[in-house]
Amino acid sequence: DDIQPINAALDTVLSLSGYTFDWRSNGKKDVGVSAQEVLQNAPLCVETGGDYLSVDYNKLVPYLVEGVKSLKRGIESLVHGGEDRKSATRRKPGCK
């Protein structure tokens, strides 16, 4: 019953970097994010097990969803703000 919105999701996503790396166990190339970075910014998305940390990528998805929504709100604000400025300019006498 303790459901809370994710705050500053976009900031959290922007604080992370994507990396390519080789697995020590088999040398296979892979991509991911740093568990240490995730731990600092979204600790609920990190699993601890033995001597290592691992990222639960499924738990990162809500941050991505909220981050995209935040970007959309920003874009809409710019678009609508731009329309307001254009219409205000058209209403001024002597403006072309």
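Above this text you will find the structure in question.
Just so it is clear, the model here is predicted, and its values are computed rather than measured.

## What to know about the nonpolar core
Core analysis: the biggest nonpolar cluster contains ten residues, these being A9, L16, A35, V38, A42, C45, V46, V55, L60 and Y63. Elements with a contribution of two residues or more to this core: α2 (35-41) and α3 (57-91). Those residues in contact with V46 that sit more than four places away from it in its chain are A35, V38, L39, L53 and S54.

## A look at the pairing of strand β1 (residues 18-22)
The sheet contact formed by β1 and strand β2 (residues 29-33) spans five bridges and is antiparallel. Within β2, the residue paired with G18 across the bridge is V33. Taken together, β1 and the strand that follows it, β2, pair antiparallel across an intervening segment of six residues, in which G27 is found at a positive phi of about 75°.

## Observations regarding the pattern of salt bridges
The full count for this structure, using the stated rule, is four salt bridges. In this structure, D22 engages K29 in a salt bridge whose closest nitrogen and oxygen atoms are separated by 3.3 Å. Residues E66 and K69 are paired through a salt bridge, measuring 3.1 Å at the closest nitrogen-oxygen approach. Of the two residues, E66 and K69 are both situated in helix α3; the distance of three residues between them amounts to about one turn of the helix. According to the relative accessible area criterion, E66 is partly exposed, its value standing at 25%. Of the residues examined, K69 reaches a relative accessible area of 40% and is grouped as partly exposed.

Procedures and definitions
- Residues numbered from 1 in each chain as written.
- Predicted model: local features only at pLDDT ≥ 70, side-chain atom pairs only at ≥ 80, totals over all residues.
- Heavy atoms only, no water.
- Core = buried A, V, L, I, M, F, W, Y, C linked by side-chain atoms within 4.5 Å.
- Buried < 20%, exposed > 50% of the residue type's maximum accessible area, 1.4 Å probe, protein only.
- Helix = DSSP H or I, 4+ residues; strand = E, 2+ residues; numbered from the N terminus.
- Contact = heavy atoms within 4.5 Å.
- Pairing = 2+ DSSP bridges.
- Salt bridge = Lys/Arg side-chain N within 4 Å of Asp/Glu carboxyl O.

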